[in-house]
Amino acid sequence: MNPESLDTEWVERFPGLSRLEPKTKTLLVQRSTVVIMPEKTVIFGPGKSPENMLFLLSGTVRVQQVSETGHEIVLYRINAGESCVLTTACLLAYDDYSAEGIAESEVQAAAVPRQVFDDLVAQSPSFRNFVFAAFSKRITDLFLVIDEVAFQRMDVRLAHKLIELSKGNHQISTTHQKLSVELGTAREVISRQLQEFQRRGWVAQSRGTVKILDRTKLESLADRD
């Protein structure tokens, strides 16, 4: 992590933090450090304890779980204006990480030391409310992931993921392996399902790319419960 000149306005980028008492906001700015992490940096990983609470100012961080056999699943992503619920949980419980966070792009974040985080959670009701509101929202998101993995059909989940990753465009830069990590399944399962989508004329595949040919059909499938 490379320290950058401190951005004294970073607190205002977070709606919950911008409503804090002036004294609390001043403390956050004075005790925090703005850091830059290059793309593909492993920001945290299993067995490591968090030293700071990170508030993301720019970029995206992918949080994923890796099993002992190497099986991976994406749990969630942290975007600008958000904090990491796993870091929050580990800080509150004085526990180690059980998943890893990887920078999907260059990331800029404000790092607030553990001691400052502990003090503010104990002393500032508004900061505590911000922390637990963000925590509860992400926990709800994680229950949705569990529901998808346990109960939803793979073709429905893949159609939804393709629509999500396309961001309104026709072409997606991805691989069967990356999609398998996104959905927590084997690469072979993704390959078979994409081949079926291609047979139906919904997508076309080339190396490192999936092109959407019939968005309406994919969206119709993705909307199924």
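Each value, and the rule that gives it
- Here the residue numbers are simple positions, counted from 1 along each chain's written sequence.
- Only residues with pLDDT of at least 70 get local features here, since the model is predicted, and only at 80 or more are side-chain atom pairs given and counted; chain-wide, interface and lining totals rely on the full set of residues.
- Derived side-chain values reflect all non-hydrogen atoms in the structure, with water molecules and hydrogen atoms excluded from consideration.
- Buried and open spaces are told apart on a 1 Å grid over the protein atoms alone, a cavity being a set of points where a 1.4 Å probe fits but cannot get out and a pocket being an open set with protein on both sides within 12 Å along at least five of seven lines. Residues with an atom within 4 Å of a point are the lining residues.
- Grid points are joined across faces, edges and corners, and a volume is the space filled by probe spheres set on the points.
- Helix and strand definitions here come from DSSP, where helices need a minimum of 4 consecutive H or I residues and strands a minimum of 2 consecutive E residues; each element is numbered from the N-terminal end.
- A domain assignment, automatic or from a database, supplies the domain bounds used here.
- We call two residues in contact when some of their heavy atoms are within 4.5 Å.
- Throughout, the accessible surface (probe 1.4 Å) given up by two parts as they are put together, summed over both, is called the buried area.
- Salt bridges, as used here, are contacts in which a Lys or Arg side-chain nitrogen is within 4 Å of a carboxyl oxygen on Asp or Glu.
- Any pair of N or O atoms that falls within 3.5 Å is considered a polar contact. Within protein, one atom must be able to donate a hydrogen and the other to accept it, and sequence-neighbouring residues count only if both atoms are side-chain atoms.
- Three classes are used: nonpolar for Ala, Val, Leu, Ile, Met, Phe, Trp, Tyr, Cys and Pro, charged for Asp, Glu, Lys and Arg, and polar for all others, with Gly counted as polar.

Per an unreviewed UniProt entry, the protein chain goes by the name Cyclic nucleotide-binding protein and belongs to Litoreibacter meonggei.

Time to look at empty space enclosed by the protein. Summed over the entire model, instances satisfying the criterion amount to one cavity of 30 Å³ or more. Quantified by volume, the largest cavity comes out at close to 90 Å³. In terms of lining residues, the largest cavity is bounded by Ile-43, Phe-44, Leu-54, Phe-55, Leu-56, Val-61, Ile-78, Cys-84, Thr-87 and Ala-109. At the level of elements, strand S3 (42-44) and strand S4 (52-58) are the ones that each hand at least two residues to the lining of the largest cavity.

Further remarks concern the domain arrangement of the protein chain. Per the domain assignment, the segments of the protein chain are domain 1 (3-149) and domain 2 (152-222). Its C-alpha centre places domain 1 at a distance of 30 Å from the equivalent point of domain 2. At the interface, nine residues of domain 1 touch 10 residues of domain 2. Both sides together, the interface formed by domain 1 and domain 2 hides about 800 Å², and carbon and sulfur atoms give 43% of it. With a shortest N-O distance of 2.2 Å, Glu-182 and Arg-77 are connected by a salt bridge. Remark: the boundary between domain 1 and domain 2 carries two residue pairs in polar contact (both at pLDDT 80 or more). Of all the secondary structure elements, the ones that give two or more residues to the side of domain 1 that touches domain 2 are strand S6 (72-79) and helix H5 (125-151). Class assignment of the residues belonging to the side of domain 1 that touches domain 2 gives a composition of three nonpolar, two polar and four charged.

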